[in-house]
Structures are given as C-alpha cells and as structure tokens.
Amino acid sequence: QVQLVESGGGLVQAGGSLRLSCAASGSVFSAIAMAWYRQAPGKQRQLVAEITSAGTTNYIDAVKGRFTISRDNAKDMVYLQMNSLKPEDTGVYYCAARLPFQSDFRSWGQGTQVTVSS
C-alpha cells in the first residue's frame, strides 16, 4: 500500500490559482501511477488528471489547458497546478495511487478542500 498526504487546498476567487501537493510513502514512487480526483458536493468522485510512471499525462476535458499534473520522483511528490479556477472546480481533491500490478487506483489520501468563489 501507499500512504498519501495532500496539502495546498483553500479558498480562492474565480480566475485565481492554487497548487495542490501530495506526499507519498510506502512504495517505490517512481514505479506507480498517480492521479488527482475530486468530489463536488452531492456528486460522485471523478478523475481530474493522471500521470503514469513514465510521465504521460491525461486530463478530463473540463480542466484541459487550465490544470497541470506533475511529479517529482526524487521527492516522492505529485502536484496539481490549477489556474483560471472556476466555481465548478469546487470540491474535495484526493490524491490517488495505482501500483504496477493493480488495474485501478486503490490508495487514497484524506483529501483537501478547494473552494472557488464567484
């Protein structure tokens, strides 16, 4: 299993920026895929962005061009840079990890709240 701790959430006005960070431990970080999910009030948790062990990234259409996921294997960290934030980006953001032998993301952080005011 992988232990994950998120930080960096907060309250920001529409159009502003936030950077989320996720610290990982308990596994060989460079070998695992990482992702950011979010859960808006009353909605299901959804994938926002993911990055493979090789550094390939994928985003949902709603955040393309505004969010950037990155990783620092030397520090066992993954980041989500969020620019041009919109009220609909509000939610709890979770860091997730998928080990090489797993078919889905099974390790989760506790979540960090992001609130975008209009």
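Quantities reported herein were computed from a predicted structural model and do not represent experimental measurements.

## Some remarks on the nonpolar core
Counting residues in hydrophobic clusters, the biggest one holds 29 residues, and the most contacted among them are Met 34, Trp 36, Val 78, Leu 80, Met 82 and Tyr 93. Broken down by secondary-structure element, the contributors of at least two residues to this core are strand E3 (18-25), strand E4 (33-39), strand E5 (46-51), strand E7 (67-72), strand E8 (77-82), strand E9 (91-98) and strand E11 (112-117). If you tally residues by element for this core, the top one is E3, at four residues. In terms of nonpolar packing, the next biggest core, distinct from the first, is built from six residues, Ala 33, Ala 35, Tyr 37 and Phe 105 among them.

## Focus: the state of the cysteines
Overall, the coordinates contain one disulfide when judged by the stated rule. Between Cys 22 and Cys 95 runs a disulfide, and the two sulfur atoms are separated by 2.1 Å. Across the S-S bond linking Cys 22 and Cys 95, the dihedral sits near -85°, which makes this disulfide left-handed. Of this pair, Cys 22 sits in strand E3 while Cys 95 sits in strand E9; the two residues are 73 residues apart in sequence, bridging distant segments of the chain.

## Some thoughts on the pattern of salt bridges
Tallied over the full model, the rule gives five salt bridges. A salt bridge links Arg 98 to Glu 50, with the shortest nitrogen-to-oxygen separation between them at 3.9 Å. One end of the pair, Arg 98, is in strand E9; the other, Glu 50, is in strand E5, with 48 residues separating them in the sequence. Of the charged contacts in the structure, one is a salt bridge between Asp 61 and Lys 64, with a shortest N-O distance of 3.1 Å. A relative accessible area of 63% means that Asp 61 is categorised as exposed. Judged by relative accessible area, Lys 64 falls into the partly exposed class, the value being 49%. Shared partners join several salt bridges into a network, and the residues in it are Arg 38, Arg 66 and Asp 89.

## As for the pairing of E3
The two faces of a sheet get side chains in turn, since along a regular strand they alternate between them. As paired strands, strand E1 (residues 3-7) and E3 are joined by five bridges and run antiparallel to one another. Note on E3: the bridge partner recorded for Ser 7 is Ser 21. Sheet analysis places E3 next to E8, joined by six bridges and oriented antiparallel. Within E8, the position partnered with Ser 21 by the bridge is Tyr 79.

## Topic: the pairing of E8
Across the six residues that make up E8, a large majority, five, are buried. The pairing of E7 with E8 spans six bridges and is classified as antiparallel. The partner of Thr 68 across the bridge, within E8, is Gln 81. Once E7 ends, the chain turns through four residues before running back antiparallel as E8, passing Asp 76 with a positive phi of about 55°.

The rules we used
- Residues numbered from 1 in each chain as written.
- Predicted model: local features only at pLDDT ≥ 70, side-chain atom pairs only at ≥ 80, totals over all residues.
- Heavy atoms only, no water.
- Core = buried A, V, L, I, M, F, W, Y, C linked by side-chain atoms within 4.5 Å.
- Buried < 20%, exposed > 50% of the residue type's maximum accessible area, 1.4 Å probe, protein only.
- Helix = DSSP H or I, 4+ residues; strand = E, 2+ residues; numbered from the N terminus.
- Disulfide = S-S within 2.5 Å.
- Salt bridge = Lys/Arg side-chain N within 4 Å of Asp/Glu carboxyl O.
- Pairing = 2+ DSSP bridges.

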